[in-house]
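# Summary of structural features
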Amino acid sequence: MKRMLSGIKPTGRLHLGNYIGAISQFKKYQDEYEMFIFIANEHAITVPIEAKDLRKNTKDLVALYLACGLDPSKATIFLQSDVSAHAKLGWVMTCMSYMGELQRMTQYKDKTAKGEAGITAGLFTYPPLMAADILLYDADYVPVGVDQKQHVELTRTLAERFNHRYSDTFKIPEPLTTKVGQKVYSLQDPTKKMSKSASDPKGTIDLLDDPAAARKKIMSAKTDSIGIIQYDPQDQPGLANLLTIQSVLTGEPVESIVSRYEGKGYGELKKEIGQTVFDFLTDLQARYNEILTSGKVDEVLKEGAEKASFIANKKIRKVYKKIGFTI
Ligand code: ATP
Ligand code: LTN
């Protein structure tokens, strides 16, 4: 079985876009690949974050992933900071990277170009730590958004450099950027993606939103004045977005929804989708609350850390031998 690895930064609440674009995909991947999913808390502190927020985000994130159907018997779920080999190999990878390479990374470049204050050295050395995350596990595939592709490419460069300088040690990973996940757009401005940092909260449905409030957001979603129910993302982006949401959450193909609504109005369709979202969130949150109170999160993370450490420690021992740390 090929191995797949992904890291998630615990920096905010999850929304329906994250679910449809990422989490529901992971759920499929866990059956096809040997999955490793970790909470990238070491990456999260590259920008200041309060301890209580980091703690809460981490716990919520794990509980939500489990509630969404990630199965710890199929996927290894763990905290980056629980496996010390990440920080250890991160340092080695930092020393394998050239200043120029890191200066070219868009994430860092954008922030410095904007003249942002308080940029940490951690933000600068974030990519070699990410390379370590991936290389420790000999991952074949890393599913990433376009913004992260550059980081996986640097990972490949660093792995090849190490293999060449010492001897064959790391598998060269492939980024997986195929557009498997559908994109969800803001309910208020369907030309922008649904995002946790959007200014209008009515445009984003959080997975922990009150289900009744989420239904209201669907009812007041921006559509158009064409008045015909059809799937036309170009001219009716708001409607197309609602159809995507309904289709992914129920499994019913878009064409079938469209044909059921022939000659009917947007209001009726919104009512059905509002109910779908209401039911989806109600079920999800019930599972989430049960998981949070059951102690399951700690249990999963403990087991995940053990499994991940076993593999990662083996790799770091090999690296320490090759670079001359082990005398
Ligand atoms: P930000 O608001 O800071 O841009 P975000 O809410 O877009 O953050 P990320 O943390 O960047 O979320 O993304 C986590 C994962 O969710 C990524 O795999 C990303 O592709 C996916 N994702 C995020 N937003 C959407 C969306 N609107 N539609 C589909 N997938 C999304
Ligand atoms: N940089 C990623 C999070 C991340 C990651 C990784 C993803 C850290 N380490 C390793 C895949 C593999 C982000 O900002 N979403």
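This section reports on the structure supplied with the text. Along every chain, residues carry numbers that run from 1 in the direction the sequence is written. Chain letters start at A and ligand numbers start at 1, both assigned in the order the entries are written. Since the coordinates come from a predicted model, pLDDT governs what is reported: local features require at least 70, and pairs of side-chain atoms require 80 or more to be given and counted, while whole-chain, interface and lining totals use all residues. The side-chain figures draw on all heavy atoms in the structure; neither hydrogens nor water molecules are used.

### A look at the site of ligand 2
Short version of the rule: If a single non-hydrogen atom of a residue is within 4 Å of a molecule or strand, that residue counts as near it. Polar contact criterion, stated in full: a pair of N or O atoms within 3.5 Å, where within protein one must be able to donate a hydrogen and the other to accept it, and residues adjacent in sequence count only if both atoms are side-chain atoms. Method for areas: the Shrake-Rupley scheme with a 1.4 Å probe, in which residue coverage is limited to the protein chains shown. Each helix corresponds to a stretch of at least 4 residues labelled H or I by DSSP, and each strand to a stretch of at least 2 residues labelled E; elements are numbered beginning at the N terminus. Note on residue categories: nonpolar means Ala, Val, Leu, Ile, Met, Phe, Trp, Tyr, Cys or Pro, charged means Asp, Glu, Lys or Arg, and polar means any other residue, Gly included.
The full set of residues close to ligand 2 is Leu5, Gly7, Lys9, Phe38, Ala40, His43, Tyr126, Met130, Asp133, Ile134, Val142 and Gln148. Here Gln148 contributes a side-chain N or O atom positioned 2.8 Å from a nitrogen atom of ligand 2. Taking 360 Å² as the accessible area of ligand 2 by itself, protein coverage stands at 89%. Mapped by element, the contributors of at least two residues to the shell around ligand 2 are β1 (3-8) and α8 (126-135). Broken down by class, the residue content of the shell around ligand 2 amounts to seven nonpolar, three polar and two charged.

### Observations concerning the nonpolar core
Here is the rule: Nonpolar cores were defined as sets of buried Ala, Val, Leu, Ile, Met, Phe, Trp, Tyr and Cys residues, with membership established by side-chain atoms within 4.5 Å. Between buried and exposed lies partly exposed: a residue is buried under 20% and exposed over 50% of the maximum accessible area for its type, with that area taken using a 1.4 Å probe on protein chains only.
Of all hydrophobic cores here, the largest spans 56 residues; its most connected members are Leu207 and Val277. Here this core takes nine residues from helix α13 (residues 266-294), the largest share from any one element. Ranked by size, the runner-up nonpolar core spans 36 residues in total, among them Val83, Leu89, Leu135 and Leu158.

### Some points on the pattern of salt bridges
Note that side chains of opposite charge can pair when their charged atoms are close. Basically, it comes down to this: One speaks of a salt bridge when a side-chain nitrogen belonging to Lys or Arg is within 4 Å of a carboxyl oxygen belonging to Asp or Glu.
Applying the stated criterion across every chain, the model contains 15 salt bridges. Measuring nitrogen to oxygen at the nearest pair gives 3.5 Å for the salt bridge that ties Glu50 to Lys52. Comparing Glu50 with Lys52, the two get one shared label, exposed. Arg161 serves as the salt-bridge partner of Glu101, at 2.5 Å between the closest nitrogen and oxygen. Highlighted residues: Glu101 in helix α5 (residues 99-103) and Arg161 in helix α9 (residues 146-165), separated in sequence by 60 residues. Salt bridges linked by common partners bring Glu50, Lys52 and Asp53 together as one network.

### What about the site of ligand 1?
Taken together, 13 residues sit near ligand 1, with His15, Val184, Lys193, Ser195 and Ser197 positioned nearest. Here Met194 contributes a backbone N or O atom positioned 2.8 Å from a nitrogen atom of ligand 1. Isolated, ligand 1 exposes 610 Å² of accessible area, and the fraction of that covered by the protein chains is 66%.

### Some points on the pairing of strand β2 (residues 34-39)
Applied cut-off: Between any two strands, at least two bridges found by DSSP are needed for them to pair. Handedness of a crossover is defined as follows: with both strands directed away from the viewer, a clockwise route from the first strand across the helix to the second makes it right-handed.
Counting buried positions along β2 yields five of six residues, so the element is predominantly enclosed. By the bridge criterion, six bridges tie β1 to β2 in an arrangement that is parallel. Its bridge partner lying in β2, Ile8 is registered against Ile39. Since β1 and β2 lie parallel, the crossover through helix α1 (residues 16-32) that links them has a hand, and here it is right-handed. Where β2 and strand β3 (residues 75-79) come together, five bridges link them in parallel fashion. Paired with Phe38 across the two strands is Phe78, which belongs to β3.

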